[in-house]
Amino acid sequence: MKRPRPGRGYGMGIALSALWALLPAATTKADATTATTLTVRIEAGPLDQALTAFARQSGLQILFDSNVLANRHSTAISAQLEPEEALRRLLAGSGFYAEAVAPSTYVLKREAAPPKTATATTKALPEEDTDASHLPPVQVLGSLMRRGNWQTAAPISVITREQIDRSGMRSLFDLLRVQPSIDVTSRAELMASQPIVNYLYGGAAGAATLGMRGLGARATLILLDGRRIAGYGLTQSGSGLVVDVNDIPLDLVERIEILRDGASAMYGADAIGGVINIVLRQSFDGRQLALNYGVSGRGDTRRVGTAATLGGQVGAASVFLHAQSFQRDPLLGNQRDWYTRDLSHKGLYDLRTLYSFPGNYAYLDEKGQVQIRPMPGCTELADDGLCLLDEAKYTTLQTRQKGNSLLARLTRPAGDTAELYADLRLSRLDQAQQAAPIGFGFNLPAGFPGNPAPGPAMLFYSFNDVGPVRENTRSRTHALNLGMRGRDDRYEWNLAFSVQGNSVDDRIDGFLNTSDLLRRINDGSYRLGGPNPAATIAAISPPLHRQGRTRQFALAADGSGQLAQWPSGPLQLSLGLELRHLAVLDVPDPLLRSDDRPFGERSYVQRTSNNVLASYAELQLPLSQRFSAELGMRLDHSAATGSAFSPKLGLRWRASDVWLLHATAARGHRPPSELELQQPMQLSELRPLNVPQALLPCSQPSPTNDSNCTLEIISRNNLSLRAENSRSFALGTTIAGGERWRLSLDWIQIARDNEITPLPITYALQNPEQFPNLLRYDDKGQLSGLNVGLVNLGRTHTRSLDGSLQWSVWDGAAGSLSAHVDVTYLERRDVRVAPGASTTAFAGYDSSPRLRGRAGLDWTRAAWTASANANYVGSYRNATFAGDTESCVDLQSRPRYCTTPQFATVDLVLGYASPRRWNARLSIINALDHKPVYYGANAANYNDAFDDPVGRYFSVDLSYRF
């Protein structure tokens, strides 16, 4: 793998300078504190952009939420005006006015509502096209129709740009990790401690993925600006692709839309568990430089980031450019005292390993008893005198990252009602992580050099002289989108073409070529315990390389409009067509594809491609003034797996002026990927098994307490794989208490059948008639092996309750204070591994807490803002599932260690928006410095699904707008 040239990081700085020069500053500016009039030149367009342009021209500070102003427009202005008059003209007809709260500072406020009738006792829920203070009209996730959130029947959550800023988070992964309904998987710890998985089974090393409802990353569809994202270049477990959110900078995100039930009717495959749509910033007027610096309370995990943004009008075109660069230091296990495999201080296990340096040896004494002794020269002896190695201390908790990204957008009018658009996104992300050195066991004959035992001995040895297992990944992403869109009073349409791709170079150092190693140990050229020359270390530990890439081409067309005006409202129809081509190539190291591979079964090159054609439609039926229905349907045809039809029904009933009910029912699917269908045949292992008497005799008997045969396990493809199917139901209600509070509750149930899963061998032996190609016989007709692979067997059933409360506590001279609470209660997550098998309950057990929540307070006064957010994770049993009698069996005297306790972290954010165009924000993440507590089996006191390994973290953001 090529390493970056010295000084290459300065290229981004040069690019920022070049971008900065592209856009001229405003030709006329005025100081609002001294001038009574100023020259205002603003073109007609979106109101938020017009206000931003006016602030730049006038030097005034105008505070507003751009989401509240969505779909509001201003007229063109070109005149000499006083600031108040200019603002009045810009806001005319918008329902808002500007109030001066300080010199040169204005806050947008809503105009008074029309007088209510004498019978009105409370403010009603907002109408479909009014009252942007609740939720503005947007392109609703899960629908092609442009309308207010009150009009959709699906359960949707939105994280706005303001909420992102108030969270204090620095990455998209960290922001979504604390959302109650979202599961995250980054697992730097797992990837580093088990790098063999990345090579033998195609783990997506370096990727951070998202899931929902415990259904996994491949059941949750991730969109970027409403479009599918090209998958990560390295495949996941050799079976499919995942989307990596690591390379999407949080500074680029305008909002995040979360559709919390099945959405295959609009988005096709992979939307069984829900959809997360990440909407990037669309426009900007002016120029801005930003700097971020963060460091933990212990002085480590430093992060430094810079960004430049500029945008505005260049002739008739609108331009937006954003470039960003950052670097983050790693966090290793030896930097945190709580991260250890030795939990004996809590009365638990000491799981440090005997495979250490220079190691331990075991032998039989003269009485035939096994004795274990440390090798001479061990510097870290345990209390019992053995030489132990704490693998956790070598393991990465947070990867080292260095990233650059660029987003460019261009829009240009094409007539009165249409525009052309293009956007380009480029990113590169380098990551590094490590794990403990490789450990091996050796049989040493008597008298062998380095064997201190009086006779033969077994040596438990760690190759510390080779060093930790070190993994480096470099991910590059490109995405180009071109299109044309238009709208008028009744119709809107969009034509789009996109080219996307991701490539990943992965390198692991620290593995061993076992055949060369054993040869050198036997001939004495490698000395156990060292020292050994660098040339010998390099020979026994060659670097392993893996390269992967994905390419995606898509052509899409959609449109929506009003078919007719019924007495109860407009009848609307949306139609869409999508053509997509996907190609995947994953190439492991040649050594792992040869018979001289150091471990495991032979790896193989994964090369696939597929074409998908989809058509979809949505119909909105206003059945009455208060009751409406939505019908959605989609037909997907894949060249690899055939066709699938996904329908959806939504109902919405405004029961009263303050009470809304909505419900959805949908079917979804996830077809097997080409990678799952094309797994090659190969010998996986020889395994002792307990074979039923009806299948005997076998060719290799192995009578023991647990088995009676040793069989060859042959992995092979299964071209008969069918698509996974799902049924989802959602029922929700929203109650509004005027403008003061709003409460939403959603009950969501998803059942997934025909799950694609590795064949459970014990079940297959008990039911061989279900698998015609399972059994392999030798020439004598004796059972010799099993053909295994992926099959359709499993079923998962989830049921949860989501709740959300938004409350405006007060709004007065001391500022405004609001509160929000979001919770998810996991009522059920049941899994059945095969038809007829018993159902196993997972809710409330290992890494599946029943209750998760997030609550916060937000305060605003003039240019100051402050937020406090609490993130809660409920307790869960440290057993794999309900009825698990094996876990925690040795801890009955200390039952509290059989449950991981509930915990909460608190984040604090203080912001200031200066009238002189600079902004500052101080964030303290995990302000109470909560340390992880986790008693799961084989863990090191840390659950990467929920825990924050860094501890208290300080971050400062500064930006200046020109």
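Conventions we followed
Residues numbered from 1 in each chain as written. Predicted model: local features only at pLDDT ≥ 70, side-chain atom pairs only at ≥ 80, totals over all residues. Heavy atoms only, no water. UniProt positions renumbered as here; feature names shortened; annotations may be inferred. pLDDT = per-residue confidence, 0-100. Contact = heavy atoms within 4.5 Å. Buried < 20%, exposed > 50% of the residue type's maximum accessible area, 1.4 Å probe, protein only. Helix = DSSP H or I, 4+ residues; strand = E, 2+ residues; numbered from the N terminus. Pairing = 2+ DSSP bridges. Disulfide = S-S within 2.5 Å. Arc of directions from axis to C-beta. Core = buried A, V, L, I, M, F, W, Y, C linked by side-chain atoms within 4.5 Å.

An unreviewed UniProt entry lists the protein chain under the name Outer membrane receptor protein involved in Fe transport, from Tahibacter aquaticus. Checking UniProt for the protein chain, the heading Sequence similarities (unreviewed entry) contains the comment "Belongs to the TonB-dependent receptor family." A UniProt comment under Subcellular location (unreviewed entry) is attached to the protein chain, and it reads "Cell outer membrane".

Undergrad: Sorry if this is basic, but what is going on with the confidence of the model for the protein chain here?
TA: Detailed reading of predicted coordinates is not advised where the pLDDT is low. Mean pLDDT over the protein chain stands at 84; residues scoring 70 or higher make up 87%. Note on residues 1-35: pLDDT is under 50 here. Beyond four places in sequence and across chains, it has 57 contacts. For the stretch residues 146-151, pLDDT sits under 50, and the model shows 29 contacts to residues farther than four places along the chain or on other chains.

Undergrad: Any chance you could explain the pairing of strand β21 (residues 360-364) here in plain terms?
TA: Most of β21 is tucked away: four of the five residues are buried. Here five bridges tie β21 to strand β22 (residues 370-374), and the two strands are oriented antiparallel to one another. Residue pairing in the sheet places Ala 362 in a bridge with Ile 372 of β22. Counted along the chain from β21 to the antiparallel partner β22, the turn is five residues long, and its residue Gly 368 has a positive phi close to 80 degrees. In this sheet, strand β27 (residues 457-462) lies alongside β21 in antiparallel orientation, the contact comprising three bridges. The residue of β27 that forms the bridge with Tyr 361 is Leu 459.

Undergrad: How should I be thinking about the environment of Phe 326 in this particular structure?
TA: Residue placement: Phe 326 occurs in strand β19 (residues 317-328). Residue Phe 326 is classed as buried on the basis of its relative accessible area, which comes to 13%. Sequence-wise, Phe 326 and Asn 292 are 34 residues apart; in three dimensions their C-alpha atoms are separated by 8.7 Å. Residues contacting Phe 326, with those up to four places away along its chain left out, are Arg 303, Val 304, Gly 305, Gln 401, Lys 402, Gly 403 and Leu 429.

Undergrad: Teacher, can you tell me more about the state of the cysteines here?
TA: The bond known as a disulfide is covalent and runs between the sulfur atoms of two cysteines. On inspection of all chains with the given rule, the structure shows two disulfides. Disulfide pairing places Cys 378 opposite Cys 387 at an S-S distance of 2.0 Å. With the S-S bond torsion at 85 degrees, the cross-link from Cys 378 to Cys 387 turns out right-handed. Grouping residues by exposure puts Cys 378 and Cys 387 together as buried. Each sulfur of the disulfide joining Cys 698 and Cys 709 lies 1.9 Å from the other. Disulfide Cys 698 to Cys 709: torsion about the S-S bond roughly -95 degrees, handedness left-handed. Highlighted residues: Cys 698 in the loop between β36 (682-689) and β37 (709-715) and Cys 709 in strand β37, separated in sequence by eleven residues. Here Cys 698 falls in the buried class, since its relative accessible area comes to 7%. Judged by its relative accessible area of 0%, Cys 709 is buried.

Undergrad: I keep staring at helix α9 (residues 514-523) and nothing clicks. Help me out?
TA: Side chains three or four residues apart in an α-helix point the same way, a direct result of the helix having 3.6 residues per turn. Those residues of α9 not exposed but buried are Thr 514, Asp 516, Leu 517, Arg 520 and Ile 521. Each buried residue of α9 lies within a common arc of 160 degrees when the element is viewed along its axis, so the set occupies one face. Backbone geometry just downstream of α9 places Gly 524 in the positive-phi region, at approximately 85 degrees.

Undergrad: How should the nonpolar core be read in this particular structure?
TA: Among soluble globular proteins, nonpolar side chains are generally buried collectively. Counting 40 residues, the largest nonpolar core has Ile 256, Ile 276 and Ile 278 as its most contacted members. Those elements that provide at least two residues to this core are α5 (172-177), β11 (182-185), β12 (209-212), β13 (220-224), β15 (253-259) and β16 (274-280). Counting residues per element, this core draws most heavily on α5, which supplies four residues. Those residues in contact with Ile 278 that lie beyond four places of it in its chain are Leu 172, Ile 222, Leu 223, Leu 224, Asp 225, Ile 248, Val 253 and Arg 255. Formed by 27 residues, the second largest nonpolar core is a distinct cluster that contains Ala 435, Ile 438, Ala 457 and Leu 517.

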